[in-house]
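Analysis of the macromolecular model
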Amino acid sequence: MNISYNWLKEYLQFDLSPQETADALTSIGLETGNVEEIQTIKGGLEGLVIGEVLTCVSHPNSDHLHLTTVDIGDGEEPLKIVCGAPNVAAGQKVVVATIGTKLYSGDDVFTIKRSKIRGEESFGMICAEDEIGMGSSHEGIIVLPADAKAGTPAKEYYNIKSDYVLEIDITPNRIDAASHFGVARDLAAWLEQAGKPYKLTKPSVEGFAVGTPEGGIEVIVENREACPRYSGLTIRGVTVKESPDWLKNKLLLIGLRPINNIVDITNFVLHETGHPMHAFDAAHITGNEVVIRTMPDKTKFITLDEQEHELSENDLMICNSEEGMCIAGVFGGLKSGVTETTTDIFLESAYFNPTWVRKTARRHGLNTDSSFRFERGADPANTVYVLKRAAMLVKELAGGTIEGDIRDIYPIPVERVRVTLSYDKTNRLIGREIPKDTVKSILNSLEIEIENETDDQLTLRIPTYRVDVTRDVDVIEDILRIYGYNNVDISNSLKANLSAQTLSDRKQKMQTLISEQLTANGFNEILNNSLTKKGYYESLETYPAANCVPLVNPLSNDLNVMRQTLLFGGLESIAYNRNRKNGDLRFYEFGNCYFFNETKKSDDKILAPYSEEFHIGLWICGKRTHKNWATAGEQSSVFELKAHVENILKRMGINSNQVFFETETNELLSVGMSVRTHTRSIGFFGIVSPAICKKFDIDTETFFAEMNWDILMKESEKQSVSFSEIARFPAVSRDLALLIDKQLTFNQIRQIALGAEKNLLKKISLFDVYEGKNLPEGKKSYAVNFLLQDEEKTLNDKQIDNVMLRIRKRLETELGAQLR
């Protein structure tokens, strides 16, 4: 939120510089990230000075240029300036840009230099209004009144003042400070405790008066839960026109675009008081009544931005006697706004239920200055004051007559919260004993009323604008931030609680172990949002969109469901890095995935339709190694990813005989393998489909693996760790070159070989694959290595040959394999 330093000082007189103000606000919880000097005219007219044209003659080498001498009041020789304006003449008072002055035109900067024009030297420039930002005319130079004094800086003559804009980050609980007066009120409390002089002044509405007691538009509140208070006022005979400069400049400084005097007044009052308003064109209020109610479900409504919305029966609307005019607290309707033809207006100042406003804004994907404040909690006690303030400004800037009394529907006033504050608890939580008089002084400066007092505690009444203060700890937090966090000493003692180990300790230790292993292998851990875009799951069969867990009130359409897989978050991280020229990536992530399934029954019990799984994901893309003097560069491959998957299984103690890989077919992967036990699936890995990568603008091959960590932990628990001495007898290696059908896999060969020899066969590996010439059609050649070892004795040739014969016959019988 942008706060104007000069605007702030209209309500609070104090002596802090802009930077000191920012530091003070940050210390009391209103973090100020940036202080920027802003000028109403770019450049602030620096280097421009008022001058008097002493002489003016025609240029000897031009029929439209003039040679002038100009006195700029510096006591030096008059400046020789070549001027092309048709209206320049001797005796004029003009604006002169001296050598070195910078003139601004949009984003372009022009520096005045000593120059020679048609053979005559020129030492400056006599300016037109568009050249210095004072207007748009370029018909001639600016001619000032005769009483303008030569030598006066132009910024003084035009009364150009710079301002500073403070960029304040408002936390969701501090909506009371989302305005200039709100910030001034909080700063005043700090100044009071810091012993610095100040004076806080709230704009007076004592001059408010009704012009015509009778008449005015009536107000009917049908839904009092959604609208606890509604105040309205009718003003007839206004003139809608451009706002005066002071009002336009205030809005421009904080980043708002001026529209017309009526709309600008409502925006000004919003940023002055923090209370949203709306001005209706009374000509569109049929039936002469404003009705606050809900509309039938699926009613069509067009907002000011010409977008059509389908209303819910839970959307509160501001209506006339026939139709809706405005989504309450969120956005005005197309016909409700004030235009140049408007003559009568109805001003609205209301307090809407924050929950209703928040749900409506999220339902329609709208986020406005109004909804931002209403959904966090406006001040119900402020509606009439704000209405009077705006009405007085309307009369001042647009004329008109106030018709009828203020309509104020407030059947059940919102009570101020009552809080009991213990001195002992205050000192205990803060960590320092604060004198009772200091505590009471801080409370008074925060406008918190002390209703009752004893030696041990205070009974307090909280202002209605402090919607975040409902408990004693909230008050203690306020006391501490005004007292000053830096005033609390850091103790030399350390206090800690010992906690017993939980059942999840083993899971956490194993997660840490695998994290360290992956990090040591060049991976970086990422942590993505569990919320994701439903569009990622459209047309997927592996993870159907129907199985997504939707959010009732999503923050945006990009975060409207819970993720079913870690894949898409990792691809977003890869795209982010590759867009910043970081293309060689290895990521891993631990995270929950969420699933919705239709309600099922088991033994007459309804099972929960929602489920949650903890997964591990791995991503690899780019180069494995870069070219250097010792090695050639090498691209990453799916086999590298497979090795990391196998290493995870091995590190978790999962026996390789218990897990196997099978071909995986799904739309996420162009080539993939599933990771399985004999009874269930653990996960999958492979090459991410190019179509998926294209959605993320990833133009390189990307490899991804995802496994269910909960299942991995269960498999790990089944395995027992045994230790044995290093074998004393040598292992024997034998190779077979097998001719097999193309559709067969190495895993099938492996399983059959292990079934043929369980005791002596220690390891099986594939070291060569050949497909091509000199092989029958539909065949391929696998070169497989078998490692045999007896831990009790040295194997002889006869034993080895018998084992290899059994393996070969099983392969021939079950797979149709042939020796090459």
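Look a little higher up for the structure.
All values reported here derive from a predicted model rather than from experimental measurement.

Parameters at a glance
Residue numbers restart at each chain and count upward from 1, following the sequence in its written direction. At least 70 in pLDDT is required for a residue's local features to be given in this predicted model, at least 80 for side-chain atom pairs to be given and counted, and no such filter applies to totals for whole chains, interfaces and linings, which use all residues. Only heavy atoms go into the side-chain values, all of them from the structure, while hydrogens and water stay out. Salt bridge, as used here, is a side-chain nitrogen of Lys or Arg placed within 4 Å of a carboxyl oxygen of Asp or Glu. Working definition: helices are DSSP H or I runs of at least four residues, strands are E runs of at least two. Numbering for both runs from the N terminus. Exposure is judged per residue with a 1.4 Å probe applied to protein chains only, and the accessible area is read against the type maximum: over 50% gives exposed, under 20% gives buried, and values in between give partly exposed. Here the expected length of a helix is defined as 1.5 Å per residue gap, with one fewer gap than residues. Aromatic rings from Phe, Tyr and Trp, with only the six-membered ring used for Trp, were paired whenever their centres fell within 6.5 Å, and each pair was classed as stacked if the ring planes differed by under 30 degrees, edge-to-face if by over 60, and tilted otherwise. Any Lys NZ or Arg CZ found within 6 Å of a ring centre and within 35 degrees of that ring's normal is scored as a charge over the ring. By convention in this document, the label disulfide applies to cysteine sulfur atom pairs within 2.5 Å.

This part covers the pattern of salt bridges. A full pass over the atoms with the stated rule returns 47 salt bridges. Arginine 236 is the salt-bridge partner of aspartate 344, the closest N and O atoms lying 3.3 Å from each other. Highlighted residues: aspartate 344 in the loop between strand S23 (331–332) and strand S24 (345–351) and arginine 236 in strand S16 (residues 229–236), separated in sequence by 108 residues. Taking relative accessible area as the criterion, arginine 236 reaches 25% and is therefore assigned partly exposed.

Relative to the 20 Å expected for 14 residues at 1.5 Å per residue, helix H16 (residues 638–651) spans 20 Å between its end C-alpha atoms, a close match to the ideal helical length. In the stretch just after H16, glycine 653 is the one whose phi turns positive, near 80°.

Okay, the packing of aromatic side chains next. Each aromatic ring pair is summarised here by two numbers: the centre-to-centre distance and the angle between the ring planes. Taken as a whole and assessed by the stated rule, the structure comprises 19 aromatic pairs. Centre to centre, the rings of tyrosine 157 and tyrosine 158 are 5.2 Å apart; their planes meet at 85°, and the pair counts as edge-to-face. On the basis of relative accessibility, which here comes to 31%, the residue tyrosine 157 falls in the partly exposed class. Seen in terms of ring centroids, phenylalanine 280 and phenylalanine 346 are 6.4 Å apart; in terms of plane orientation they differ by 45°. Their pairing is tilted. Placement of the pair is phenylalanine 280 in strand S17 (residues 278–281) and phenylalanine 346 in strand S24, with a sequence separation of 66 residues. Taken together, the aromatic side chains of Tyr536, Tyr537, Phe568 and Phe696 make up a single cluster linked through ring pairs. In this structure, arginine 185 packs its charged tip against the face of tyrosine 465, placed 3.7 Å from the ring centre.

Turning our eyes to something else, we now look at the state of the cysteines. Taken as a whole, this structure holds zero disulfides when the rule is applied. The cysteine cysteine 319 is free of any disulfide, with cysteine 326 supplying the nearest cysteine sulfur at 9.5 Å. Classification of cysteine 319 as buried rests on a relative accessible area of 0%. Here cysteine 548 stays unpaired: no disulfide links it, and the sulfur of cysteine 593, its closest cysteine neighbor, is 11 Å away. Of the residues examined, cysteine 548 reaches a relative accessible area of 4% and is grouped as buried.

Moving on to unusual backbone geometry. Although it is not a glycine, lysine 298 adopts a positive phi angle of roughly 70°. The residue lysine 298 is located in the loop between strand S18 (289–294) and strand S19 (300–302) in this model. Residues other than glycine seldom take positive phi values, yet serine 539 does so here, at roughly 70°. With respect to the helices, strands and loops of the structure, serine 539 is situated in the loop between strand S30 (531–532) and strand S31 (549–550). Residue serine 539 is classed as exposed on the basis of its relative accessible area, which comes to 71%.

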